[in-house]
Amino acid sequence: MLLIAVAVLVVLALAAGAFMLFLGAGSKNAYICLSDGRYELITNLDKGELLEIASSRSDYGDLCFTPDGKYIYYFSKLDSQYGSGTLCRAEYGKMKANSSKNDRYITVVATNASHNFDVLDDGTLLYTNEDGTLYYFDGESSEQIARDVKFYETETDDKGNVLYLVQDENGTREFSSIMYLTNLEKLDQREKLDDDLSALVTLTDEGEIIYTKYTDEGVDLYRMTMDSREPQLMDENVSLYRYSDGQLIYSVMKEKRGLDEFVDGTKVSGTVNREDYQIPSYSYYYINSASDVASYDGLCASCDTTLKFFREVLGTSASIAEAAESGNSVVSTACQSFLNKYQDYETNNDGFIEVNESVQADLQLLAQACGAPDQWYLLCIGKRQTSTTYDWDAYYAAVEQAAMWEDLQNKELYNLPIYTLKKMENGESEVILDDLSICGSVSDLMLMASVEDIASRAKIEEIGSAWDLEDQLSRNLNQYSRVLMYQKDSGQMIEVSGQDIIEMAQDGYINDVACVGDHLFVENGDAVLYVSEIENGVADSFTVLSDAAGILGVEDGKLYYQEGYYTDDEYEYVDLCVWENGETSRLLTDVNPAAIWVYDDGSVVAKTYQDYDGAGELILLNEKGEKTILADEATYFVRTEASEMLYISDQDLYVYDGKEKTRVANDVDRIWCRETMVPVMSTEYSY
């Protein structure tokens, strides 16, 4: 089964085939380079003998071998590196040097083809032009299939079925599509299978079509067989995570729960009545010996009250706070004692201390130190209500809390979605885990938390907004007493305690995770890498593997990771490390983090730095761990086998045979090979 996305540049794998050409001692490969605007076949790799096939008419090129190795498809003219051009097919094995008959072996397929072309098993071709029209080239001529094709997929067998999507003008969404089926033997006939599609997931070799359709709520999951061609609804409101080896991992949003279910506090609803927050307004008066104390509505005190009414005894009218620092030791000590107790004491709305029995007793002690214990009230301030006002702070706090409760109960705006994680295989769906409030995919694992494991309820007064709470509950792992991880390939479920998550990721967010056998690796947002053994499905013995690392991937029981990131002269550098069976080793030092390629035999290719045009020092680390620096300014390379590698340095093409390097040709921009080694892991954005 082959998937082609029409809007994206497709980097074509170079297929292996049975066609053989003498290219040097023992060689079974075919090599073509782009040199000075010409496609040239390397007829003898050892001697550097070249045969011009065709002109590309530009410094850009793209080329692909057919599966049997008999033909190549290539662009003879490209508007740009990613634009459209003239697509041709050449039977390159019949071409001869300086022969005027070579043109007979070249067929122009299309003059405005895009980079999206799909070579089928029999060497025929599906391709689109620059306006999205899909064509089929049968080896002699092209026939139009449909216009404005957004996506297409074919079966890998010889049935010739082609599914394609076109714009659905009457669909639910702007990007809705109609799915059609046609056959390469009957291109004049097409069948509409379904409409309002959001995506075509796959067409299996068994004739099963899996796809999604738009709804008002989201997208629904469907399947269809080539035999029945009847849409079968599998689940509603789904999110897809991965399809691999006939198995689809996805989640279903089963409900939306109101956020108020997860909050503690008195629920305030409706309009807040301002009159409920009306309070008396007071005027304040200093009390003297002639004052009628009983006429006041209450007495207050303050550390700033003066001692002026005891001036005859003290000889001062300083405030209590000032007298605390005076030279009169008795008064100073009493004032200091009062100040220590009441300078941070709770006050009323006007900033005064309300006099109660306890305060009165302390005022009496202070008055006694001043020589008039019965006149303690002269240290007070009388208050008398003169009007009414509102406790605006309490009123606006109540208004905000009422608005908060309204938001928390509005499930249309703010909610906590609850998911069911499922897998579908052979037309049957199975529940993996239910009642999940966090459900996401990180590398090869699903990262999840159950709504039942929310560690504690939020307090209404501590919530910044309903959006903040929604974000915390749906994304922050620190809100949960445990976290679950599901390995998609093995089906292994791993449990990690919420406390371990808090200790590893204080902000509650994890950057990456990986599982190697019975060990779990967690990389937090600060690039600290942890590892724990998994026992009985639980990982609870985390230790720091590296305090500055980034997970690259897992291959053949090994965890590859980069460590020690730094920059120098605007270039980025890391060390490439590997963990295997509890042991770590540093494979390469000071390499570019975006230029690392790992192969299934354990060998590695990397660049120590990389200019804007991709040039950099090229390193090969073979499967024995032996390091070879191949070039200082390499731009492009192709590995054909473990002991053979072709690369371009300073526009010269070299071949390395595992022992020595030989220059093959000069003024080379690209190189293609029929048989190549494809990396199993790469940090490059596209390869």
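About the thresholds
- Residues numbered from 1 in each chain as written.
- Predicted model: local features only at pLDDT ≥ 70, side-chain atom pairs only at ≥ 80, totals over all residues.
- Heavy atoms only, no water.
- Helix = DSSP H or I, 4+ residues; strand = E, 2+ residues; numbered from the N terminus.
- Rg over C-alpha atoms; globule rule 2.2 N^0.38 Å.
- Buried < 20%, exposed > 50% of the residue type's maximum accessible area, 1.4 Å probe, protein only.
- Contact = heavy atoms within 4.5 Å.
- Areas by Shrake-Rupley, 256 points an atom, 1.4 Å probe, with all protein chains shown as cover.
- Lys, Arg positive; Asp, Glu negative; His and termini not counted.
- Charge placed at Lys NZ, Arg CZ, Asp CG, Glu CD.
- Core = buried A, V, L, I, M, F, W, Y, C linked by side-chain atoms within 4.5 Å.
- Pairing = 2+ DSSP bridges.
- pLDDT = per-residue confidence, 0-100.
- Phe/Tyr/Trp six-rings, centres within 6.5 Å; stacked < 30°, edge-to-face > 60°.
- Lys NZ or Arg CZ within 6 Å of the ring centre and 35° of its normal.
- Patch = residues over 30% accessible without salt bridge, like charges linked within 9 Å, V, L, I, M, F, W, Y side chains within 5 Å.
- Salt bridge = Lys/Arg side-chain N within 4 Å of Asp/Glu carboxyl O.
- Expected span 1.5 Å × (residues − 1).
- Arc of directions from axis to C-beta.
- Polar contact = N/O pair within 3.5 Å; in protein donor to acceptor, adjacent residues only side chain to side chain.

*Asks:* Could you clarify how one ought to interpret the overall build of the protein chain in this entry?
*Replies:* When helices and strands are counted, the protein chain shows 7 helices and 49 strands. Taking 26 Å as the expected radius of gyration for a compact globule of 687 residues, we find that the protein chain reaches 39 Å, considerably beyond that expectation. Dimensions of the protein chain along its principal axes, counting C-alpha atoms only, are 130 × 60 × 50 Å. Per-residue burial over the protein chain gives 49% buried out of 687 residues. Contacts in the protein chain between residues far apart in sequence, at least 24 positions, make up 48% of those at least 6 positions apart. Entry remark: accessible area of the protein chain is about 33,600 Å², with carbon and sulfur atoms responsible for 42%. The average position of the 51 basic charges and that of the 125 acidic charges among the side chains of the protein chain differ by 7 Å.

*Asks:* I'm lost on the nonpolar core in this one. Help?
*Replies:* The nonpolar side chains of a soluble globular protein tend to be buried, and buried together. Membership of the largest hydrophobic core comes to 39 residues, with the highest contact counts inside it found for Leu 408, Met 485 and Leu 520. In contact with Leu 408, other than residues within four places in its own chain, are Gly 258, Leu 259, Asp 260, Val 263, Ile 460, Ile 463, Ala 466 and Leu 469. Of all hydrophobic cores here, the second largest spans 31 residues; its members include Phe 65, Ile 72, Phe 75 and Phe 117.

*Asks:* Would you mind going over the sheet that holds strand S23 (residues 298-301) with me for this structure?
*Replies:* Strand pairing in a sheet takes place through backbone hydrogen bonds and is either antiparallel or parallel in direction. With antiparallel pairing, 4 strands are arranged side by side in an open sheet as S22-S25-S23-S24. Two strands bound the open sheet, and with one partner strand each, they are strand S22 (278-286) and strand S24 (353-354). For S22 and strand S25 (residues 381-390), the ladder comprises 9 bridges, and the chain directions are antiparallel. Pairing of Tyr 286 across the sheet is with Ile 381, part of S25.

*Asks:* I'm lost on the pairing of strand S7 (residues 85-90) in this one. Help?
*Replies:* Every other side chain in a regular strand lies on the same face of the sheet, so the side chains alternate between the two faces. Counting buried residues in S7 gives 6 out of 6 residues, a clear majority hidden from the surface. Pairing of strand S6 (residues 72-78) with S7 involves 6 bridges; the strand directions are antiparallel. Each bridged residue has a counterpart across the sheet, and for Leu 78 the counterpart in S7 is Gly 85. In this sheet, strand S8 (residues 106-119) lies alongside S7 in antiparallel orientation, the contact comprising 5 bridges. Pairing of Ala 90 across the sheet is with Ile 106, part of S8.

*Asks:* Help me understand unusual backbone geometry, please; the structure alone is not making it clear to me.
*Replies:* Note: most peptide bonds trans; most residues except glycine with negative phi. Of note in the backbone geometry, Asp 36 takes a positive phi value of approximately 50° without being a glycine. Mapped onto the fold, Asp 36 is located in the loop between strand S2 (31-35) and strand S3 (38-44). Judged by relative accessible area, Asp 36 falls into the partly exposed class, the value being 46%. One non-glycine residue, Asp 196, lies in positive phi territory at about 60°. You can see Asp 196 is positioned in strand S15 (residues 186-203). Overall, the relative accessible area of 11% leaves Asp 196 in the buried class.

*Asks:* Even after reading the chapter, I still don't get the confidence of the model for the protein chain, so can you show me in this structure?
*Replies:* For any part of a model where pLDDT is low, the fine detail of the predicted coordinates should not be relied upon. Mean pLDDT for the protein chain: 88, with 93% of residues reaching 70 or above. Segment residues 1-27: pLDDT under 50, and 85 contacts once partners within four positions in sequence are set aside and those in other chains are kept.

*Asks:* It is not clear to me how the packing of aromatic side chains should be interpreted in this structure. Could you clarify?
*Replies:* In this description, an aromatic ring pair is defined by two values, namely the gap between the centres and the angle between the planes. Within the structure shown, the criterion is met by 23 aromatic pairs. Judged by centre distance (5.7 Å) and plane angle (15°), the ring pair of Tyr 211 and Tyr 222 falls under stacked. One end of the pair, Tyr 211, is in strand S16 (residues 208-214); the other, Tyr 222, is in strand S17 (residues 219-225), and 11 residues separate them in sequence. Taken individually, Tyr 211 and Tyr 222 each receive the classification buried, so the pair is uniform in this respect. Taken together, the ring pairs connect Tyr 277, Tyr 390, Trp 392, Tyr 395 and Tyr 396 into an aromatic cluster. Arg 190 extends its terminal NZ or CZ atom over the ring of Tyr 180, reaching a point 3.9 Å from the ring centre. For the cation-ring pair, Arg 274 lies above Tyr 390, with the distance from its terminal atom to the ring centre recorded as 4.7 Å.

*Asks:* I keep staring at the side chain of Thr 608 and nothing clicks. Help me out?
*Replies:* Relative to the helices and strands, Thr 608 resides in the loop between strand S42 (604-607) and strand S43 (616-621). Judged by its relative accessible area of 11%, Thr 608 falls in the buried class. The residues contacting Thr 608, other than those within four sequence positions of it, are Glu 572, Tyr 573, Asp 590, Val 591, Asn 592, Glu 617 and Ile 619.

*Asks:* For this particular structure, what's the right way to read a negative patch on the surface?
*Replies:* On the surface, Glu 130, Asp 131, Asp 148 and Glu 169 cluster together into a negatively charged patch. Locating Glu 169 in the fold gives a position in the loop between strand S13 (161-167) and strand S14 (177-183). On the basis of relative accessible area, Glu 169 is assigned to the exposed category, the value being 67%.

*Asks:* Help me out: how do you make sense of helix H4 (residues 357-369) in this one?
*Replies:* One full turn of an α-helix is made of 3.6 residues, so residues set three or four places apart face in the same direction. For H4, with 13 residues, the first-to-last C-alpha span of 19 Å sits near the 18 Å given by 1.5 Å per residue. Listed as buried for H4 are Val 359, Asp 362, Leu 363, Leu 366 and Ala 367. Taken end-on, H4 shows its buried residues confined to a sector of 145°, consistent with a single buried face. Turned more than 90 degrees away from the buried face of H4, the exposed residues are Glu 357, Leu 365 and Gln 368. Of the surrounding secondary structure, the elements contacted by the buried residues of H4 are S23, helix H2 (320-323), helix H3 (329-342) and S24. The N-cap of H4, judged by a side-chain oxygen 3.1 Å from the amide nitrogen of Ser 358 a few residues on, is Asn 356.

*Asks:* Explanation requested: the sheet that holds S42 in the structure shown.
*Replies:* Pairing within the open sheet is antiparallel, and its 8 strands lie in the order S47-S46-S45-S44-S43-S42-S41-S49. What marks the edges here is a single partner per strand, and that holds for strand S47 (661-665) and strand S49 (681-682). Across 6 bridges, the pairing between strand S44 (residues 627-641) and strand S45 (residues 644-649) is antiparallel. Within the sheet, the bridge partner assigned to Phe 637 lies in S45 and is Tyr 647.

*Asks:* I keep staring at a nonpolar patch on the surface and nothing clicks. Help me out?
*Replies:* A cluster of nonpolar side chains, contributed by Trp 392, Tyr 396 and Val 399, occupies part of the molecular surface with about 270 Å² of accessible area. Structurally, Val 399 can be placed in helix H5 (residues 392-409). By relative accessible area, Val 399 is classed as partly exposed at 31%.

*Asks:* Just checking my understanding: could you explain helix H6 (residues 466-475) for this structure?
*Replies:* All of the buried residues in H6 are Ala 466, Leu 469, Glu 470, Asp 471 and Leu 473. Buried residues in H6 make contact with strand S21 (263-264), H5, strand S26 (416-425), strand S27 (428-442) and strand S29 (458-459).

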